[in-house]
Amino acid sequence: QALLEVQKKGTFEKTTLNTKYVLFIVSGAFTNLDKIIAKRLACSVIGFQNKHTVSSVDFNQVKTQDLIEFGLEPEFVGRLPVRVSCHPLDKDALIKILTEKESSIKEQYVRIFSGYGIELSFTQDACELIAELAALEETGARGLVTICESILRDFRFELPSTSISKFCVSKEVVVNPKKELKKILAEVGKAEVAQHSPEVVREIAEIKKHFAQQ
């Protein structure tokens, strides 16, 4: 705002904000903050240091001096009296997020495919594998989005142009989505060809051959 005022007027008026009733919430990954904490703990120990103690440090042990060394202004750190650390989501937690939340990424894809006239479902072992792969991403619930998108992206673009009305995401689909998509499209192609007379099938084959040559 000050920058805009300077550009328009050549000067700006200072404003004062009373922060008495303002709640500051700071969240993030705070990458490498654990190393700063571990360094402080190692330096504060007299005598022999157990390596396991330092290596198992977590954000619950953070102090004001750690946040300042991390790069936060001392005046700002003073506004953060309550500090809470979150543990990484494990496979079981991710399965619950994927299968029990109404707005989960799984339900979002169900609605997307429904818009194409396709009934989408997931097997339990597919959900477990998706959660397991998402846990390896180490990005929390966002990992579920990453994994589901990598699995279903091609299905989302290919299946609407076919006669498929139902599609089940199985463990095999999660393991090798491209292979399973190719198999499904081949089966659909055979079913559609079977509906036509031999003359139409030959004509379609000639058109495809001509198209490939061109």
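Parameters at a glance
Residues numbered from 1 in each chain as written. Predicted model: local features only at pLDDT ≥ 70, side-chain atom pairs only at ≥ 80, totals over all residues. Heavy atoms only, no water. Core = buried A, V, L, I, M, F, W, Y, C linked by side-chain atoms within 4.5 Å. Buried < 20%, exposed > 50% of the residue type's maximum accessible area, 1.4 Å probe, protein only. Contact = heavy atoms within 4.5 Å. Helix = DSSP H or I, 4+ residues; strand = E, 2+ residues; numbered from the N terminus. Pairing = 2+ DSSP bridges. Axes fitted to C-alpha atoms, helices over the stretch in contact; angles between N-to-C directions. Parallel < 35°, antiparallel > 145°, perpendicular 65-115°, else oblique. Left-handed = near helix turned anticlockwise from the far one by under 90°. Patch = residues over 30% accessible without salt bridge, like charges linked within 9 Å, V, L, I, M, F, W, Y side chains within 5 Å. Areas by Shrake-Rupley, 256 points an atom, 1.4 Å probe, with all protein chains shown as cover. Salt bridge = Lys/Arg side-chain N within 4 Å of Asp/Glu carboxyl O.

A few words now on the nonpolar core. A general trend in soluble globular proteins is that nonpolar side chains are found buried together. Among the nonpolar cores identified, the biggest contains 30 residues, and F113, I130, L152, F155, L159, F167 and V169 are the most heavily contacted of them. In contact with V169, other than residues within four places in its own chain, are L120, S121, F122, T123, A126, L152 and V174. The next biggest cluster of nonpolar side chains, apart from the first, holds 10 residues, and it includes L33, V57, V62 and L72.

Next up on the list: the pairing of strand β2 (residues 166-169). On β2, burial follows the alternation: F167 and V169 on one face are buried, whereas K166 and C168 on the facing-out side are not. Both strand β1 (residues 119-122) and β2 contribute to a ladder of 4 bridges, which runs parallel. Its bridge partner being in β2, F122 is matched across the sheet by V169.

Looking now at the packing of helix α7 (residues 105-115) against helix α9 (residues 142-158). With their axes 10 Å apart at the nearest point, α7 and α9 run at an angle of 20° to one another. Taken together, α7 and α9 sit at an angle that is classed as roughly parallel. For the crossing formed where α7 meets α9, the hand is right-handed. Note on element contacts: α9 touches α7 through L144, V145, C148, E149, L152, F155 and R156, opposite I105, Y109, I112 and F113.

Glancing now at a nonpolar patch on the surface. Where nonpolar side chains cluster on the molecular surface, the patch consists of L17, V22 and F24 and spans about 270 Å² of accessible area. Within the secondary structure, F24 is located in the loop between α1 (2-9) and α2 (33-44). On the accessibility criterion, F24 (31% relative accessible area) is partly exposed.

Time to look at the pattern of salt bridges. According to the stated counting rule, one finds 6 salt bridges in the structure shown. E107 is the partner of K106 in a salt bridge, and the nearest nitrogen-oxygen pair spans 3.0 Å. Classification of K106 as buried rests on a relative accessible area of 13%. With a relative accessible area of 25%, E107 lands in the partly exposed category. The residue R153 makes a salt bridge to E149 at a minimum N-O spacing of 3.5 Å. Taken together, the positions of R153 and E149, both in helix α9 and 4 residues apart, correspond to about one turn of that helix. Relative accessible area serves as the criterion here: at 39%, R153 is assigned to the partly exposed category.

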